[in-house]
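# Structural overview
Okay, here's what each chain looks like letter by letter:
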Amino acid sequence: MPPSSGPTQSPQLASLLASAAQLLKASRPADAIAPLSEAARLQPSDPVILHDLGLACLEVGHLADAIAALQRAVASQPRYADAHFRLGVALEKCGDIRGAIVAYDRATEILPSLTEAWFRAGALVYTLGHRDEAIGCFRRAAASGPKTRFGRLGKARALLTQDRDPEAEQVLRQTLILDPTNAMALDLLGNLLTEHGRFDEARDCLQRAIDIAPLLAGSYYDLVRCRPVTQDDHLLQRMTTALDTPGLELAQRLRLHLAIGKGADDLGDYALAMQHFDAADAVRRGVTVFDSAAFARETDRLIARCTPALMSRAPELGVSDVTPVLIIGMPRSGTTLLEQIVSSHPQMAAGGELNFWNERGAVWHRAGAAASAAPFLTEAAGDYLRVLRAIAPRAMRVTDKMPFNFLWAGLIHLALPRAVIIHCRRTALDTALSIHQTHFHPSLAFPTGGAELVAYFRSYQRLTDHWRRVLPAHCFIDVDYEELTRAPELVIRRIIAACGLSWHDACLHPEKNPRSVKTPSKWQTRQPINRASVARWRRYEPWLGPLRALRDEA
């Protein structure tokens, strides 16, 4: 919307707005900020001036000023859809995911044809684990602008979120025929191809996306995971140069640092690798703060609530069903490998990382003792089983490999006392180092380094030690990553037997499992079971910093 104000402009105001209009038309938003700021001082309640000031600030990366101006614009004119939308973009760039969603929701409520707002809202609610809500937003994007760039992307993402990958691939390829320079479509297609192990095609898509849109430099994170980086790639130099890209957003910078770290690791330069892993963690800390003390207190509450007496009542309170197989543990502890192994069995289906218990567990945790009564548990069990059966109606067992279900193992046992819970354990330092090297969306309340990660790990250990004490041994099964990779058949036979299934040799070859893999372990899961990741921490011993405190942990 071009700068304008009411009909009674003073000559000074008219001159300022005319100057700003010329500068914006010439793609000089930085130079337009001064006249727009002065115009906003003269007309402090003019929503159009405030919107244009916010937009100019947004375009040059002055996010705090953009947010302030756009908030004033919507306060002055609450039904200004474009101002709500731009406010959402600014908040999203600052890492305020929930604030951005509110702004996008308000924009689409006022103007349902805002296709990009629907798409952006869908992408954000997806990162928060709200799958159905995300599908709804993506579908609204597709319906509101079927022939637009974000409309086509919305159609593809709705299909991807529903795991309808072949249809999504077709939509993305059709989009690229119509719009060959659509970097976001190339990025989505590249990620889809990596999930299916088509790494050469994926590398080409991701590199093309970055070449077209240098501000998508964070996509190097996915590119370097298509295969190990070599000197011949010259990738490390290109990625390092990309750090200087003007206007690179924090989210892209975070992923780029992790990509450079991974490349340096592949090339054996562990000092350089750790420098960039630490830099990524510093970027994340600038966006989100994790309260270790609060997490420890919530852990204490869970332990105090889930007493042996309460757990012993599970058979009378819960639903007797053997379908669920939950794979829990710290992230990067081997949960993806284990799901690939067990879902290779013809009677076992993979559900991936389901957010069900994180949502239902939060309700249970807030509600207190009343939520441990049979009605709540029966409803939760019934809803969960419907989710699993929708994923695989004919499977005898269905996995849920959400690692953070380690928080809710007690609740899960109360609701489904015959469910099998497989707890993946890995050497503490290897686990923590791998977390430090992996991208987790900043909206996730989870530390990725430093003393906070050490404290989180110790709270996790206390809680899983408690589950081991209070849950039946046949329901809570520990699997050590080091033992699994040292003696695969012995360990896998024990796991399959614990799930109540007969042996099948396919479980020894998870690399042949054709299912898509949506976690950061896409490359590793396409390799035979090996010990390449055992004791990786030793390569980084001089640079461990606060993580060194985990050296003597199990």
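Notes on the structure follow. The structure displayed is predicted, hence computed values, not measured ones. (Residues numbered from 1 in each chain as written. Predicted model: local features only at pLDDT ≥ 70, side-chain atom pairs only at ≥ 80, totals over all residues. Heavy atoms only, no water.)

Time to look at the overall build of the chain. For the chain, the helix and strand inventory stands at 27 helices and 5 strands. On C-alpha atoms alone, the chain measures out to a radius of gyration of 25 Å, which is about the 24 Å that the 2.2 N^0.38 rule sets for 554 residues. Principal axes of the C-alpha set define a box for the chain whose edges measure 85 × 60 × 45 Å. Here the chain displays about 23300 Å² of accessible surface, and carbon together with sulfur accounts for 55% of that area. (Helix = DSSP H or I, 4+ residues; strand = E, 2+ residues; numbered from the N terminus. Rg over C-alpha atoms; globule rule 2.2 N^0.38 Å. Areas by Shrake-Rupley, 256 points an atom, 1.4 Å probe, with all protein chains shown as cover.)

This next bit is on the packing of helix H3 (residues 47-59) against helix H4 (residues 63-76). With their axes 8 Å apart at the nearest point, H3 and H4 run at an angle of 160 degrees to one another. One finds that H3 runs roughly antiparallel with respect to H4. You can see that H3 and H4 cross each other, and the crossing is left-handed. Residues Pro47, Leu50, His51, Leu53, Gly54, Cys57 and Leu58 of H3 form the contact with H4, whose participating residues are Leu63, Asp65, Ala66, Ala69, Leu70, Arg72, Ala73 and Ser76. Taken together, the residues of the contact of H3 with H4 sort by class into 10 nonpolar, 3 polar and 2 charged. (Axes fitted to C-alpha atoms, helices over the stretch in contact; angles between N-to-C directions. Parallel < 35°, antiparallel > 145°, perpendicular 65-115°, else oblique. Left-handed = near helix turned anticlockwise from the far one by under 90°. Contact = heavy atoms within 4.5 Å. Nonpolar A, V, L, I, M, F, W, Y, C, P; charged D, E, K, R; others polar.)

Moving on, we come to helix H20 (residues 335-342). Taken across its 8 residues, H20 has 8 buried, putting it largely inside the fold. Of the positions making up H20, those classed as buried are Thr335, Thr336, Leu337, Leu338, Glu339, Gln340, Ile341 and Val342. (Buried < 20%, exposed > 50% of the residue type's maximum accessible area, 1.4 Å probe, protein only.)

Its place among the elements puts serine 459 in helix H25 (residues 450-470). Apart from the residues lying within four places of it in its own chain, the contact partners of serine 459 are Phe295, Ala296 and Thr299.

This part is about empty space enclosed by the protein. Evaluated as defined, the whole model comprises 1 cavity of 30 Å³ or more. Its volume calculated, the largest cavity comes out at about 70 Å³. What lines the largest cavity is simply Leu254, Leu258, Phe277, Ala280, Asp281, Arg284, Ile435, His436, Thr438, His439, Phe440 and Thr448. Taken together, the residues of the lining of the largest cavity break down into 6 nonpolar, 4 polar and 2 charged. (1 Å grid on protein atoms, 1.4 Å probe; cavity = no way out; pocket = protein on both sides within 12 Å on 5 of 7 lines; lining within 4 Å. Points joined across faces, edges and corners; volume = space filled by probe spheres on them.)

Axis separation between helix H2 (residues 29-42) and H3 bottoms out at 9 Å; the angle between their running directions is 150 degrees. One element, H2, and the other, H3, form an angle in the roughly antiparallel class. Considering the relative orientation of H2 and H3, their crossing is left-handed. Counting all contacts with H2, which are made through Pro29, Ile33, Leu36, Ser37, Ala39 and Ala40, the residues of H3 involved are Ile49, Leu50, Asp52, Leu53, Ala56, Cys57 and Glu59. Counted by class, the contact of H2 with H3 contains 10 nonpolar, 1 polar and 2 charged residues.

Let us look at the nonpolar core. Counting residues in hydrophobic clusters, the biggest one holds 161 residues, and the most contacted among them are Tyr220, Met239, Leu256, Trp357 and Phe406. The contacts of tyrosine 220, once residues within four sequence positions are left out, are Gln207, Ile210, Leu235, Arg238, Met239, Ala242, Leu256 and Ala259. Core analysis: the next-biggest nonpolar cluster, separate from the first, contains 23 residues, Val342, Ile477, Leu484 and Ile495 among them. (Core = buried A, V, L, I, M, F, W, Y, C linked by side-chain atoms within 4.5 Å.)

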